[in-house]
Structure formats: structure tokens, C-alpha cells
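Geometric and topological summary
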Amino acid sequence: MTTMTLAKALNSGLRAAMELDPKVLVMGEDVGKLGGVFRVTDGLAKDFGEQRVLDTPLSESGIIGTAVGLAIRGFRPVCEIQFDGFVFPGFDQIVSQLAKVRFRSQGKVPMPVVVRIPFGGGIGAVEHHSESPESLFAHVAGLKVVACSNPDDAHWMIRQAIASDDPVIFFEPKRRYWEKGEVSETEPAPLFSSRVVRSGADVTVACYGPLVKTCLEAAAAAEAEGTDIEVIDLRSLSPLDLGPVFASVRRTGRLVVVSEAPSEASVTSEVAARVQEECFHSLEAPVLRVTGFDTPYPPSKCEDDYLPDLDRVLDGVDRALGW
């Protein structure tokens, strides 16, 4: 085990992938000499050269379009989008080209492109720097969508994503970049899988990305009051691996799904619907959701009122237990 920050774990994962395969390229705005706005790619240009770590123009559409062409030619590009709200100029290329090539070529043309997106709030940033657009990508057939929550997953999931022959949208919780944790020597779990991160008997809480830590803190607080919460990190948002969630709900009879994204037509909606379909006779209460509000992300001075926090998670748990 090695202790490092989540940002450093991503850096070490990128480095390991680049050392293993010379076809792995890193590209994006300021990823080279600067090392990225969050310094996730720090040192890679120095060690691997400017032919493999490419500083691009300020054009997300150009970044994704170039990556599609590189992938067709046998490379494995890793694209960095500086902030979640900046991805939309490249959305057309992602949905119209990146997601479609492997399918419409009947599998003959792999599309091993990873699009890294720092997402979520909690850093006091200005407009377009704190969004949660994961549901938009999870809805697109042909894309795989994952979200890491801790350094161990960050290191191994980025390596697994780069090794995938399908395009992967890789969400990174920006407010957790500087938090430390242990990184194991071996892969902790397959890429497209969920994982129970805390066992419990009374209520199941499913979450992902930046809110996994919040939900674990809520579970610790609830334990002091005699409530035993099981916390599941979804990790993969498309495809969803809901087997562990189904098994948990069949034991606890209650589910609260937590996310920073707005609730309307979201990943939390899909989890709630699927659990209702599969576990209806096991449910002792409706599936409840604790999410961001259905508004554009607010000014930074108001974000503490917008983001789900420990109290809102515990309120969701109490409402589930109240049925």
C-alpha cells in the first residue's frame, strides 16, 4: 500500500499506462508544461515528451475529434476536459462520433478513448466550473461512464479505462483531489462494477463520486444513534452494476440514492426505477433520493445550500425509516 492524494493517484495511473503502452497519449488544454489545472498530469510531459503529452488549443470539439482520429489509427488517447462545464462544446463529437464508431463498424474499429472530466461542486468556483453532467453521458448508447471516489479507485480505474476498447467518460470528484488514501498493489475491483464500502443492516445508501465520503460520514454519525447504514459506491454509472444494490435492498428493505446532480431524468432516477422493478416485494419504503436541486448550479456563496450534505443524507435515511 502507498498513501497518496486522489490527484496523485490519477497521475500515477496515467504514468503506469503510458509506460506499459507507447500508444497511450495524453492531450488537453495545459496538460503539458503546466501539468493540468489540477496538476493531475504534472511531470508527464517532462518524462514522456511533447509527442505523447499534447497541449491543445482551447477547443474541446477539436480535442475530441482529434482523439477519434487517433483512435482509428491505433492510438489510445486520454483527453482532459479542464472543468465539467467546458465539455459541452465537445458534446457533439462525443455523442455523434465517439459513441458510434465501434458499433457502426460492427466492432471492427475499437474506440479506446478516455475523456477525463473533473466534476461536481464544493470548491467555491465560478459559473461552469461545478456541474454534474454525468446523466447526459450515461444516457448515450456506446459510451461507458464511470466515477472514482478515492485514490485507490482513481489509480486503478484510470488504468482500466485506458485499457478498454470502448470510449470511457471518466468523472473525477474535483473537491476530493487533495484528499489522501491508500493505493493497493493490485486491482481492487473490475472497472464496471459497484462495491459495498460499508456494511449495514437497516438502510442501503447508494452513491458515487464526491458523495461517497459524505455518505460514509453520515453512516458513522447514524451509528452513534443506533442506525446501521450500508453504503454502496456505484462506481460505474453506465453500465450500472446493481447486483450488490439489489442484494442489499433485499436485506435492508430501504434505499436512499444520493447524488450532486439534479434529480430529474438522472442516474438516481434509473437506480430507483431498476430497484423498484427488481426488489418491489422486498421494499419496506419507497426508494428515496437526495440530490442537487433542479436548477442551474448556484453562485459559490450558495453552494453549501445546494449540495447534499451529511444532514440531508441523514434526513433521507430518517424518512426511509419512518415508513
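First, a word on what this report is: a plain description of the structure on this page. (Residues numbered from 1 in each chain as written. Predicted model: local features only at pLDDT ≥ 70, side-chain atom pairs only at ≥ 80, totals over all residues. Heavy atoms only, no water.)

**Some words on the sheet that holds strand S10 (residues 203-207)**
The sheet built from 5 strands is open, its strands ordered S9-S11-S10-S13-S14 with mixed pairing. Of all strands in the sheet, those with a lone pairing partner are strand S9 (195-198) and strand S14 (288-292), marking the two edges. Geometrically, the sheet is characterised by an average inter-axis angle of 25 degrees between neighbouring strands, direction not taken into account. As paired elements, S10 and strand S11 (residues 229-233) share 5 bridges and run parallel to each other. Within the sheet, the bridge partner assigned to Cys-207 lies in S11 and is Asp-233. Contacts from helix H8 (residues 211-224) reach S9, S10, S11 and strand S13 (255-262), with the element oriented near 170 degrees to S11. Here helix H9 (residues 243-252) sits on the sheet and contacts S9, S10, S11 and S13; the angle it forms with S11, its principal contact strand, is near 170 degrees. (Pairing = 2+ DSSP bridges. Helix = DSSP H or I, 4+ residues; strand = E, 2+ residues; numbered from the N terminus. Axes fitted to C-alpha atoms, helices over the stretch in contact; angles between N-to-C directions. Contact = heavy atoms within 4.5 Å.)

**Focus on the packing of H9 against helix H10 (residues 267-279)**
Where H9 meets H10, the closest approach of the two axes is 10 Å, and the angle between their N-to-C directions is 60 degrees. Regarding the angle of H9 to H10, the classification is oblique. In this structure, H9 crosses over H10, and the sense of that crossing is right-handed. Contacts between H9 and H10 involve Val-245, Phe-246, Val-249 and Arg-250 on the former and, on the latter, Arg-274, Val-275, Glu-278 and Cys-279. (Parallel < 35°, antiparallel > 145°, perpendicular 65-115°, else oblique. Left-handed = near helix turned anticlockwise from the far one by under 90°.)

**Regarding the side chain of Glu-134**
Mapped onto the fold, Glu-134 is located in helix H6 (residues 134-138). Among buried charged residues, Glu-134 stands out as having no salt bridge; its nearest opposite-charge side chain is Lys-174, 9.3 Å away. Sequence-distant contacts of Glu-134, that is, excluding residues within four places in its chain, are made with Phe-119, Val-145, Phe-171, Tyr-208, Leu-237, Ser-259, Ala-261 and Val-267. (Buried < 20%, exposed > 50% of the residue type's maximum accessible area, 1.4 Å probe, protein only. Lys, Arg positive; Asp, Glu negative; His and termini not counted. Salt bridge = Lys/Arg side-chain N within 4 Å of Asp/Glu carboxyl O.)

**Re the pattern of salt bridges**
Applying the stated criterion to the full structure yields 18 salt bridges. For Asp-165, the salt bridge identified is with Arg-76, shortest N-O distance 2.9 Å. Taken together, the residues Asp-165 in the loop between helix H7 (151-163) and strand S7 (168-173) and Arg-76 in strand S4 (residues 76-80) connect sequence positions 89 residues apart. For Asp-315, the salt bridge identified is with Arg-319, shortest N-O distance 3.2 Å. Separated by 4 residues within a single helix, Asp-315 and Arg-319 lie in helix H12 (residues 310-321), roughly one turn from each other. Exposure remark for Arg-319: the relative accessible area of 37% places this residue in the partly exposed category. Through salt bridges that share partners, Arg-15, Lys-46 and Asp-47 make up one connected network.

**Considering the packing of aromatic side chains**
Applying the stated criterion across every chain, the model contains 10 aromatic pairs. With 4.8 Å between their ring centres and 45 degrees between their planes, Phe-38 and Tyr-177 make a pair best called tilted. Of this pair, Phe-38 sits in the loop between strand S2 (24-28) and helix H2 (44-48) while Tyr-177 is found in the loop between S7 and strand S8 (180-183), placing the two residues 139 residues apart along the sequence. Tyr-177 carries the same exposure label as Phe-38, and that label is buried. The interplanar angle of 65 degrees and the centroid separation of 5.6 Å between the aromatic rings of Phe-83 and Phe-86 together place this pair among those described as edge-to-face. According to the relative accessible area criterion, Phe-83 is buried, its value standing at 10%. Put simply, the rings of Phe-38, Phe-83, Phe-86, Tyr-177 and Trp-178 touch in pairs and so form one group of aromatic residues. Taking NZ or CZ as reference, Lys-23 lies 4.4 Å from the ring centre of Phe-75, over its face. The ring of Phe-192 is capped by Lys-144, whose NZ or CZ atom sits 4.6 Å from the centre of that ring. (Phe/Tyr/Trp six-rings, centres within 6.5 Å; stacked < 30°, edge-to-face > 60°. Lys NZ or Arg CZ within 6 Å of the ring centre and 35° of its normal.)

**What about the sheet that holds S2?**
One open sheet accounts for 7 strands, arranged S3-S2-S4-S5-S7-S6-S12; its pairing is mixed. The open sheet is flanked by strand S3 (53-55) and strand S12 (236-238), the only strands paired with a single partner. The mean inter-strand angle of the sheet, taken between neighbouring strand axes irrespective of direction, is 20 degrees. In this structure, strand S5 (residues 114-119) lies alongside S7, joined through 6 bridges in parallel fashion. In the strand pairing of S7, Arg-116 is matched with Phe-170. Packed on one face of the sheet, helix H3 (residues 60-72) meets S2, S4 and S5 and runs near 170 degrees to S4.

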